[in-house]
Protein chains: 2
Amino acid sequence: MSTVTIIGAGMMGSAMAVPAADNGHQVRLIGTPLDRDIVASVQRNGFHPTLRRTLPGSVTAGQFEELVPALAGADLIICGVSSFGVDWFAAEVLPHLSPGGTVLSITKGLAEGAGGSLTAFPDHFAAQLPAAIRETIRFAAVGGPCISFELADRRHTLVNFCGRNADALEHARELLATGYYHVRCSTDVVGVEVCAALKNAYAMGVSLAVGLADREAGGLDSEAAAALCVPGAPDRNPIYNPQAALFAQSCLEMSRIVALLGGNAALAGLLPGAGDLYVTIFGGRTRRLGTLLGRGIAFEEARRLLRGVTLEAVAIITRTARAIRLRAERGEADPAAFPLLMHMDAVLNRHAAPDPPWEKFGL
Amino acid sequence: MSTVTIIGAGMMGSAMAVPAADNGHQVRLIGTPLDRDIVASVQRNGFHPTLRRTLPGSVTAGQFEELVPALAGADLIICGVSSFGVDWFAAEVLPHLSPGGTVLSITKGLAEGAGGSLTAFPDHFAAQLPAAIRETIRFAAVGGPCISFELADRRHTLVNFCGRNADALEHARELLATGYYHVRCSTDVVGVEVCAALKNAYAMGVSLAVGLADREAGGLDSEAAAALCVPGAPDRNPIYNPQAALFAQSCLEMSRIVALLGGNAALAGLLPGAGDLYVTIFGGRTRRLGTLLGRGIAFEEARRLLRGVTLEAVAIITRTARAIRLRAERGEADPAAFPLLMHMDAVLNRHAAPDPPWEKFGL
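Because the structure is predicted, anything quoted here is derived from the model rather than measured. (Residues numbered from 1 in each chain as written. Chains lettered and ligands numbered in written order. Predicted model: local features only at pLDDT ≥ 70, side-chain atom pairs only at ≥ 80, totals over all residues. Heavy atoms only, no water.)

Chemist: What is the right way to read the confidence of the model for chain A from this model?
Modeler: Parts of the prediction with low pLDDT should not have their coordinates interpreted in detail. Averaged over every residue, the pLDDT of chain A is 94; residues scoring 70 or more account for 100%. As a predicted assembly, this complex carries a pTM of 0.97 together with an ipTM value of 0.96. (pLDDT = per-residue confidence, 0-100.)

Here you go:
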């Protein structure tokens, strides 16, 4: 039996407790200061209120004040915060790590630096470690298609663990892989993690077509235009040619961004890119944003309607578009190679009407 | 004004009449002997009974006996038969072609030859031309995501025209591209056409997960298990992690088959592969077959339930699996690199229960 400590009691972090517990490990689930109510509920009767599932009995939950003892002796530490909690994790958790540990991050996103630099979180975290332990902590991250509810329900799920240390990846895989949680390891951190971040951006792009079809069909009053879609619900207007064109363009642009940042572009058309994009379009919350925008709802209003929903797409679109423009100033990137990304950025940040530039798409 | 002659009045062939007519061309739609009722209906009042749309007024329909005059003076000939009509097209139409013509095929599939050879239809047709005109006819084909209904409704659609002669591709593109029918040209016939054929195979694979989720949820009596799904209908059990894993594995195996046959493997993760797979899963008929199989319906029974539906997936799975086994005997392919294809073949042809080999998936 090993000990797995999860920091962040949101849906995805908490869902990781299920395969860990099923493998017989002791699981310590530590909430951030935003997770107080969740932790209190799990402590009371095991029920996770946003995941809407009861966690296995071997999971013990603790508030953030219990962080330091929860880290002691952990064989694996899982960073389960959202991309908006990355700085918090770096400031509040990294200083308490002991030498020799392995940290597996489920956070999807890219850290923005000067001059258009974009850094995957495993590398971003490593750079912020205290010098005394920097060389001893091994960072890894999870990419690939995984909806938290479905992992908690033990549905077959295929993911990538990526990191620069192959031994650390195998260590994490041995602790977490089960008969339903299938893990493949990759040392291409940029390839896997850039796709993991960008799929949120492009899922919004594909979903624009869902909302545009609703608008073209007519009959959308303001209430219907503002109605939130839910995963698995019937499409009001099931039209797939435009979605498929946007899906393919998304894979193309993801492959170009991965190449630009130094990863294997082919991953954009495989599990980390196309696979994760697929699940995010159909099971993720980003679809709601893209659908609302496509129906003609302005971003500010869409954000209000989606209050409480973590909109990682907005951050990743904005910062990736900005990074490409900055690199273009140095002749290191061509914004024309990313017409869908630039269009999404204009819709979110410059009040452009959603109207995909079809003629600019394709090879 | 040019003349476009379409041979085959099925849904996809007939839908091609819409952009051709919108570009101001004279369109001649010639049915095969299977299309007599369709042609009679279009002749009567323009209504296409299976496409369920009225064709533009500049489309003139004719029975097969009118083939020879309809070919005369055509600037572009579109082969609109299904993959089961390829031999018919070769025998009945090719001999009547005049030197210097361009043929654009919308037929998706691969011709099977000795020793595991699989040939894209443009090359297959070219090889069967009378020697006197073989060098003068230019063959091209359409790949990429396009549901016929949506093209007929003028939805934004992005496709690839592929062929060995770039001038012929540009000629066809100029005749057919519109503000909604977006065309990119590629001389990678193998890359585009192998994906176009395989997407039918792998759409069945992804759809297995739809049916498996229904079965796992329980409560499926024989009537519910045999109920056909329709595009856009709500999923009984919207579960996406397994679908996404199968989608990504599909892209991986398509890329390997494209590489094996000499095309650009990257296309499997772009418009011809991932994009066309996406639309086939959601808008195509293959999803019905995969869903029924996943629910536990045997193939023979599923075929009976789907009578009247063209099941191109079955042919392409069977012949591609056979080709890989034949090549394996010569050490030219490894069936272990295609675990999903081999599983689908076993389900269709050897009564295997649908149970995807998850542990064999991924890089």
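Chemist: Honestly, the environment of B:Ala217 in this entry has me stumped. Any pointers?
Modeler: Mapped onto the fold, B:Ala217 is located in helix α9 (residues 189-217). C-alpha of B:Ala217 to C-alpha of B:Asp345: the two residues are 128 residues apart in sequence and 25 Å apart in space. (Helix = DSSP H or I, 4+ residues; strand = E, 2+ residues; numbered from the N terminus.)

Chemist: Can you walk me through unusual backbone geometry in this structure?
Modeler: All names here are of chain B. In this structure, Arg52 takes a positive phi of about 60° despite not being glycine. By the element assignment, Arg52 lies in the loop between β3 (47-48) and β4 (53-54). A positive phi angle, close to 55°, is found at His351, a residue other than glycine. Judged by relative accessible area, which is 64%, His351 ranks as exposed. (Buried < 20%, exposed > 50% of the residue type's maximum accessible area, 1.4 Å probe, protein only.)

Chemist: Looking at this structure, how should I read the pattern of salt bridges?
Modeler: One side chain can pair with another of opposite charge once the charged atoms of both are near each other. Throughout the structure, instances matching the rule amount to 32 salt bridges over all chains. When the shortest N-O distance is used, the salt bridge between B:Arg330 and B:Glu332 registers 2.8 Å. What makes B:Glu332 partly exposed here is its relative accessible area of 40%. Residues joined by salt bridges that share partners form a network here, namely A:Glu112, A:Arg319 and A:Arg322. (Salt bridge = Lys/Arg side-chain N within 4 Å of Asp/Glu carboxyl O.)

Chemist: Which parts of the structure should I look at to understand the sheet that holds strand β6 (residues 76-79) of chain B?
Modeler: For sheets, the rule is that strands pair by backbone hydrogen bonds, running either parallel or antiparallel. Residue and element names in this part refer to chain B. Spatially, the 8 strands line up as an open sheet ordered β5-β2-β1-β6-β7-β10-β11-β12, and their pairing is mixed. Lying at the two open borders of the sheet, with one neighbouring strand each, are β5 (59-62) and β12 (181-186). Geometrically, the sheet is characterised by an average inter-axis angle of 25° between neighbouring strands, direction not taken into account. (Pairing = 2+ DSSP bridges. Axes fitted to C-alpha atoms, helices over the stretch in contact; angles between N-to-C directions.)

Chemist: For this particular structure, what's the right way to read the interface of chain B and chain A?
Modeler: Interface size is commonly expressed as the accessible surface area that is lost when the partners come together. Counting residues at the interface gives 47 residues for chain B and 47 residues for chain A. For the pair chain B and chain A, the two sides together bury roughly 4100 Å², of which 63% comes from carbon and sulfur. Of all residues in chain B, the largest losses of buried area upon contact with chain A belong to B:Tyr240, B:Asn241 and B:Tyr278, amounting jointly to 19% of the total for that side. Seen at the junction of chain B and chain A, the total is 4 salt bridges. A salt bridge links B:Glu216 to A:Arg155, with the nearest nitrogen and oxygen atoms 2.9 Å apart. On inspection of chain B and its partner chain A, the count reaches 22 residue pairs in polar contact (both at pLDDT 80 or more). If you list the elements that add at least two residues to the side of chain B that touches chain A, you get α7 (148-152), β11 (157-163), β12, α9, α11 (241-261) and α12 (271-283) of chain B. With 9 residues, the top contributor of residues to the side of chain B that touches chain A is α11(B). Class assignment for the residues of the side of chain B that touches chain A results in 29 nonpolar, 11 polar and 7 charged. (Contact = heavy atoms within 4.5 Å. Buried area = accessible area lost by both parts, 1.4 Å probe. Polar contact = N/O pair within 3.5 Å; in protein donor to acceptor, adjacent residues only side chain to side chain. Nonpolar A, V, L, I, M, F, W, Y, C, P; charged D, E, K, R; others polar.)

Chemist: Hey, could you run me through the packing of α9(B) against α12(B) in this one?
Modeler: All names here are of chain B. Close contact between α9 and α12 brings their axes to 8 Å; oriented N to C, the two are set at 40°. What the angle tells us is that α9 and α12 run oblique. As α9 runs across α12, the sense of the crossing is right-handed. Seen from α9, the contacting residues are Val192, Cys195, Ala196, Lys199, Asn200, Tyr202, Ala203 and Val206; seen from α12, they are Pro272, Gly273, Asp276, Leu277, Thr280 and Ile281. Tallied by class, the residues present in the contact of α9 with α12 amount to 9 nonpolar, 3 polar and 2 charged. (Parallel < 35°, antiparallel > 145°, perpendicular 65-115°, else oblique. Left-handed = near helix turned anticlockwise from the far one by under 90°.)

Chemist: Even after reading the chapter, I still don't get the relation of the copies chain B and chain A, so can you show me in this structure?
Modeler: In this structure, two copies of a chain are linked by a rotation about an axis accompanied by a shift along it. The two copies are related by a screw operation: chain B maps onto chain A through 180° of rotation and 0.0 Å of translation along the axis, at an RMSD of 0.0 Å. Taken together, the rotation and translation relating the two chain copies correspond to the operation of a two-fold axis. (Least-squares fit on C-alpha atoms with pLDDT ≥ 70 in both.)

Chemist: In this structure, what is going on with the state of the cysteines? I would like to understand it.
Modeler: Note on terminology: a disulfide is the covalent bond linking the sulfur atoms of two cysteines. Tallying each qualifying case throughout the model produces 0 disulfides over all chains. Left unpaired, A:Cys185 is separated from the closest cysteine sulfur, that of A:Cys162, by 9.6 Å. Not part of a disulfide, A:Cys251 finds its nearest cysteine sulfur in B:Cys251, a span of 6.9 Å. Looking at A:Cys251, the relative accessible area reads 1%, which means it is buried. (Disulfide = S-S within 2.5 Å.)

Chemist: Explanation requested: the environment of B:Arg295 in the structure shown.
Modeler: Residue and element names in this part refer to chain B. Tracing the backbone through its elements, the reader meets Arg295 in the loop between α13 (286-294) and α14 (299-305). Classification of Arg295 by relative accessible area gives buried; the value is 8%. Along the chain, Arg295 and Ala244 lie 51 residues apart, while their C-alpha atoms are 18 Å from each other. Apart from the residues lying within four places of it in its own chain, the contact partners of Arg295 are Gly211, Leu212, Asp214, Arg215, Leu220, Ala224, Ala225, Ala227 and Arg236. For Arg295, the side chain forms a polar contact with the main-chain oxygen of Ala225, separated by 3.5 Å.

Chemist: Before we go on, may I ask you to explain the packing of aromatic side chains in this structure?
Modeler: Each aromatic ring pair is summarised here by two numbers: the centre-to-centre distance and the angle between the ring planes. Tallied over the entire structure, the rule returns 22 aromatic pairs over all chains. An angle of 50° between the planes, with centres 5.3 Å apart, marks the rings of A:Tyr278 and A:Phe282 as tilted. Note that A:Tyr278 and A:Phe282 are positioned in helix α12 (residues 271-283) at a spacing of 4 residues, about one turn of the helix. The residues A:Tyr278 and A:Phe282 share a single accessibility class, namely buried. What links up through ring pairs into an aromatic cluster is the set A:Tyr240, A:Phe247, A:Tyr278, A:Phe282, B:Tyr240, B:Phe247, B:Tyr278 and B:Phe282. (Phe/Tyr/Trp six-rings, centres within 6.5 Å; stacked < 30°, edge-to-face > 60°.)

Chemist: Just checking my understanding: could you explain the sheet that holds strand β12 (residues 181-186) of chain A for this structure?
Modeler: All names here are of chain A. Strand order in the open sheet formed by 8 strands is β5-β2-β1-β6-β7-β10-β11-β12, and the pairing between neighbours is mixed. Taken across any chain shown, the strands that pair with only one partner, and hence form the sheet edges, are β5 (59-62) and β12. Pairwise comparison of adjacent strand axes, ignoring direction, gives a mean angle of 25° for this sheet. The pairing of strand β1 (residues 3-7) with strand β2 (residues 26-30) spans 5 bridges and is parallel. Bridge assignment links Thr5 to a residue of β2, and that residue is Arg28.

Chemist: Could you clarify how one ought to interpret the environment of A:Ile30 in this entry?
Modeler: All names here are of chain A. Summarising the element assignment, Ile30 is placed in strand β2. Overall, Ile30 belongs to the buried group, its relative accessible area being 3%. The sequence separation of Ile30 and Leu252 amounts to 222 residues, and the corresponding C-alpha distance is 39 Å. Apart from the residues within four sequence positions on either side, Ile30 is in contact with Thr5, Ile6, Ile7, Gly8, Ala9, Gly62, Gln63, Phe64, Glu66, Leu67 and Ala70.

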